[in-house]
Amino acid sequence: MRLRNGSERFGLVAKTFHWGMAALVIPLWALGWYMVGQTQDLFWQYELYQLHKSFGFVVFGLALLRLAWRIWDPPPPLPPTMSRLHRLGAYLSHIAFYLLLLGLPVTGFLMSAASPLGIPTVIFETIPVPHPIAPSEAAYAWLRLVHYYLAITLAVILAAHVGAALHHHFISKDKVLLRMIPFGR
């Protein structure tokens, strides 16, 4: 398999970024929903939040690398049979993904920094990260709301992305899905 994208298929690097991000983002999203649903004072709640923040930093870094790779190694063109509307939808959804994969970690980190609880951020219990803003009840409430709606938007776009891939494979019967499947032909 080629490292770089070809004229019809994604290369190994793009596929690794794609599926690696999915493997991180989906559990991270689920963990976030689990954490905010906890109303009782769980003894492991601190660890869950630190783990969520730690993987948020990983997602942010990988999103930057993935964006740089996409600029350096553009994706293969979409099939000529796709309508202009579907092409526009694909283009806009990918822009939205990048904005969300960068915006969610930023708003989550700032929300944590603004929290009146003053809990430090320590990536994987090893690397302390100084908070760029002071605790503020108003900033915390606003950032929590923004983070929440970005997470909802991510879920909607992810569902549309999966639905579009399945539509391409089972209804349009083109090779859009196959060109991103790992080790597929």
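Structure shown above.
Residues numbered from 1 in each chain as written. Predicted model: local features only at pLDDT ≥ 70, side-chain atom pairs only at ≥ 80, totals over all residues. Heavy atoms only, no water.

Asks: When you look at the pattern of salt bridges in this model, what are you seeing that I'm missing?
Replies: If the charged atoms of two oppositely charged side chains come close together, the side chains can form a pair. Within this structure, the stated rule accounts for 1 salt bridge. For Arg4, the salt bridge is made with Asp73, and the minimal N-O distance between the two is 3.5 Å. In this pair, Arg4 is assigned in the segment before helix H1 (12-37) and Asp73 in the loop between helix H2 (45-72) and helix H3 (84-114), connecting sequence segments 69 residues apart. (Salt bridge = Lys/Arg side-chain N within 4 Å of Asp/Glu carboxyl O. Helix = DSSP H or I, 4+ residues; strand = E, 2+ residues; numbered from the N terminus.)

Asks: Just checking my understanding: could you explain unusual backbone geometry for this structure?
Replies: Most peptide bonds take the trans form, and the phi angle of most residues other than glycine is negative. A positive phi is found at Phe124, a non-glycine position, where the angle reads about 45°. In this structure, Phe124 sits in the loop between strand S1 (121-123) and strand S2 (127-129). Relative accessible area serves as the criterion here: at 37%, Phe124 is assigned to the partly exposed category. Positive phi, close to 55°, is recorded for Lys173, a residue that is not glycine. Within the secondary structure, Lys173 is located in the segment after helix H4 (137-172). A relative accessible area of 64% places Lys173 in the exposed class. (Buried < 20%, exposed > 50% of the residue type's maximum accessible area, 1.4 Å probe, protein only.)

Asks: How do you make sense of the layout of surface pockets when you look at a structure like this?
Replies: Any empty space left between the atoms is revealed when a probe the size of a water molecule rolls over them. In this structure, the largest pocket occupies an estimated 1,300 Å³ of space. His18, Ser93, His94, Phe97 and His161 are the residues nearest the centre of the largest pocket, which is lined by 50 residues in total. Mapped by element, the contributors of at least two residues to the lining of the largest pocket are H1, H2, H3 and H4. A total of 12 residues in the lining of the largest pocket trace back to one element, the largest contributor, which is H4. Among the residues making up the lining of the largest pocket, the classes are represented as 32 nonpolar, 12 polar and 6 charged. For the second largest pocket, the calculated volume is near 1,000 Å³. Secondary structure elements with two or more residues in the lining of the second largest pocket: H1, H2, H3 and H4. Looking at the lining of the second largest pocket, the element that brings in the most residues is H2, giving 10 residues. Partitioned by chemical class, the residues of the lining of the second largest pocket number 26 nonpolar, 9 polar and 3 charged. (1 Å grid on protein atoms, 1.4 Å probe; cavity = no way out; pocket = protein on both sides within 12 Å on 5 of 7 lines; lining within 4 Å. Points joined across faces, edges and corners; volume = space filled by probe spheres on them. Nonpolar A, V, L, I, M, F, W, Y, C, P; charged D, E, K, R; others polar.)

Asks: Just to check I follow, could you spell out a nonpolar patch on the surface for this structure?
Replies: A grouping of Leu85, Leu88, Tyr91, Leu92, Ile95 and Leu99 is seen on the molecular surface, where their side chains present a nonpolar patch of about 640 Å² in accessible area. Turning to its location among the elements, Ile95 is positioned in helix H3. (Patch = residues over 30% accessible without salt bridge, like charges linked within 9 Å, V, L, I, M, F, W, Y side chains within 5 Å. Areas by Shrake-Rupley, 256 points an atom, 1.4 Å probe, with all protein chains shown as cover.)

Asks: Which parts of the structure should I look at to understand the packing of aromatic side chains?
Replies: Within a pair of aromatic rings, the relevant descriptors are the distance that separates the centres and the angle that separates the planes. Counted according to the given criterion, the structure contains 6 aromatic pairs. Seen in terms of ring centroids, Trp69 and Trp72 are 5.0 Å apart; in terms of plane orientation they differ by 55°. Their pairing is tilted. Within this pair, Trp69 and its partner Trp72 are both found in helix H2, separated by 3 residues, close to a single helical turn. Using a relative accessible area of 18% as the deciding quantity, one classes Trp69 as buried. In this structure Trp72 comes out as exposed when scored by relative accessible area, which is 52%. One aromatic cluster is present, formed by Trp29, Trp33, Tyr148 and Tyr149 through successive ring pairs. (Phe/Tyr/Trp six-rings, centres within 6.5 Å; stacked < 30°, edge-to-face > 60°.)

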